[in-house]
Structure formats: C-alpha cells, structure tokens
Amino acid sequence: RLSRDIAKVSSYKGFFPFSIRNFALIKQAHKGGAQGLTLPYSYNDNATNLPEEYITKSGVTDYSTSNAKIAFKTAGNYIIFQTATAPTFISFNTCQNGTKGTSVLTLSASADGVTYTTVQTYTINQGQNKHATKSATLSNSSYRYLKIELTTKGDNIGVGNISIE
C-alpha cells in the first residue's frame, strides 16, 4: 500500500514536500522505527526459506538435519543478519558433514554493514554428524549487522537454531 501511495504522489506535478530518492527513509518511518530484525530473533529452517528482508545470504544451501539446516559448503559462504537494535548475544548449532578436516566459521559484526570486525572464530572439528552449540556475547552498542561466514573449509558445515538477543 505504501508503494502505491508514493507512486500516486510522485506523479503529481505540483509541489512535492520530499524526494522520492528518500523512499527508504519514508518506508522506515512508515514501519515505525529503525530497520532490521526485532530482537530477540530466532530461526531454525533451511537457507531457501530465510526471509529476504534484513537477511543477506551468499552461497548457502539447504541441509535436512534437524538442528543445522543451512549448509555452508564453500569458503566465503555467509549469512548477514541486520538488527533494529544492538544485539548482545548470539548462539547457533553447528554440524560437521564429513571427515576431511577442520573448518572455521567466523562471526563478525558491523555498525554500517560495510566494515566488519571479527567477534569470534569457531573451529569445527567435532566429527561426522556431531552437533555443537556456538555462542558469543556482543558488547558494542553500535553493532547492527552480524555475519556468520565459513572462512576455512575442511568439511561442509551445517548451521541452525540461530538465536539473536
């Protein structure tokens, strides 16, 4: 409805009190606050069903395991969560799929979604189809983006039961 209303107003040739280029800000104000996931947030489904609003993914695919349904199969695969307020804690399950060797997941955070700081790295070598819970406490109140990335691949890694507070 908002898009239709703005399109209708933008066709008006007379005085127009704001620029259409500021559509994102107008949309944000219409939603009633900052853009991003409302915390606490949890997700335990596959990569295909990740909601597109406020979540960016690259290269991740689906797994069928119950606690780790998002597959990271290539170094550089990632998921980014944008939050409306500063997250203070994240936890997620991991599952190793294979016996080739150690993989590393990196959790990074950012205030602007461009420049990321490594918060924690997780060495994954728990054994074929073994699950483990990973977590981190976040203390920077300017963070609004959390990125989980496979930075070193030994085996495919599943991630699931993601909880952000």
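Quantities reported herein were computed from a predicted structural model and do not represent experimental measurements.

Chemist: Just give me the short version of the nonpolar core, but keep the residues and values in it.
Modeler: Grouped together as the largest cluster of nonpolar side chains are 30 residues, with contacts concentrated most on I70, F72, F81, I90 and L105. Breaking this core down by element, the ones donating at least two residues are strand 1 (41-43), strand 4 (70-72), strand 5 (78-82), strand 6 (89-97), strand 7 (103-110), strand 8 (117-124), strand 10 (145-152) and strand 11 (156-164). Top element by residues in this core is strand 11. It accounts for four residues. Ignoring sequence-local partners within four residues, the contact set of F81 consists of L37, Y41, Y54, I55, R144, Y145, L146, I148, I162 and I164.

Chemist: I'd like a description of the sheet that holds strand 2 (residues 55-58), backed by residues and values.
Modeler: The five strands lie next to each other as 2-5-10-7-8, forming an open sheet whose pairing is antiparallel. Each edge of the open sheet is held by one strand with a lone partner, namely strand 2 and strand 8. The average angle at which neighbouring strand axes cross in this sheet is 15°, direction not considered. One ladder, built from seven bridges, connects strand 7 with strand 10; its direction is antiparallel. Counted as the bridge partner of L107 is I148 from strand 10.

Chemist: For the packing of aromatic side chains, give the residues involved together with the corresponding values.
Modeler: Each pair of aromatic rings is reported with the distance of its centres and the angle of its planes. In this structure the tally under the stated criterion is two aromatic pairs. Measuring from ring centre to ring centre gives 6.3 Å for Y41 and F81, while their planes differ by 55°; the resulting arrangement is tilted. Residue Y41 is located in strand 1, and its partner F81 is located in strand 5; the two are separated by 40 residues in the primary sequence. Judged by its relative accessible area of 0%, F81 falls in the buried class. Judged by centre distance (5.4 Å) and plane angle (80°), the rings of F92 and Y122 are edge-to-face. On the criterion of sequence distance, the pair formed by F92 in strand 6 and Y122 in strand 8 is long-range, its members being 30 residues apart. Across the pair, Y122 and F92 agree in class, each one buried. The ring of Y78 has K147 sitting right over it, with the charged end atom 4.8 Å from the ring centre.

Chemist: Got a sec to walk through the pattern of salt bridges? Specific residues and values, please.
Modeler: Evaluation of the coordinates by the stated rule reveals one salt bridge. Between K147 and E149 there is a salt bridge whose closest N-O contact spans 3.7 Å.

Chemist: Could you give an account of the environment of N156, with specific residues and numbers?
Modeler: Mapping N156 onto the fold places it in strand 11. Separated by 60 residues in the primary sequence, N156 and Q96 place their C-alpha atoms 6.3 Å from one another. Here N156 is in contact with Y63, F72, K73, C95, Q96 and N97, once residues within four sequence places are set aside. A distance of 2.9 Å separates a polar atom in the side chain of N156 from a polar atom in the side chain of K153.

Chemist: With reference to specific residues and values, describe the pairing of strand 8.
Modeler: Here strand 7 pairs with strand 8 via seven bridges, running antiparallel. In the strand pairing of strand 8, S108 is matched with T118.

Chemist: So, unusual backbone geometry: which residues are in play, and what are the values?
Modeler: Here the residue pair L39 and P40 is connected by a cis peptide bond, since its omega of 0° sits within 30 degrees of zero. You can see P40 is positioned in the loop between helix 2 (23-31) and strand 1. Positive phi values are uncommon outside glycine, yet Y54 reaches one of about 75°. Position of Y54 among the secondary structure elements: in the loop between strand 1 and strand 2. A relative accessible area of 16% means that Y54 is categorised as buried. In this model, N161 sits at a positive phi of 45°, which is unusual for a non-glycine residue. Mapped onto the elements, N161 comes out in strand 11. What makes N161 partly exposed here is its relative accessible area of 28%.

Calculation rules
- Residues numbered from 1 in each chain as written.
- Predicted model: local features only at pLDDT ≥ 70, side-chain atom pairs only at ≥ 80, totals over all residues.
- Heavy atoms only, no water.
- Core = buried A, V, L, I, M, F, W, Y, C linked by side-chain atoms within 4.5 Å.
- Buried < 20%, exposed > 50% of the residue type's maximum accessible area, 1.4 Å probe, protein only.
- Helix = DSSP H or I, 4+ residues; strand = E, 2+ residues; numbered from the N terminus.
- Contact = heavy atoms within 4.5 Å.
- Pairing = 2+ DSSP bridges.
- Axes fitted to C-alpha atoms, helices over the stretch in contact; angles between N-to-C directions.
- Phe/Tyr/Trp six-rings, centres within 6.5 Å; stacked < 30°, edge-to-face > 60°.
- Lys NZ or Arg CZ within 6 Å of the ring centre and 35° of its normal.
- Salt bridge = Lys/Arg side-chain N within 4 Å of Asp/Glu carboxyl O.
- Polar contact = N/O pair within 3.5 Å; in protein donor to acceptor, adjacent residues only side chain to side chain.

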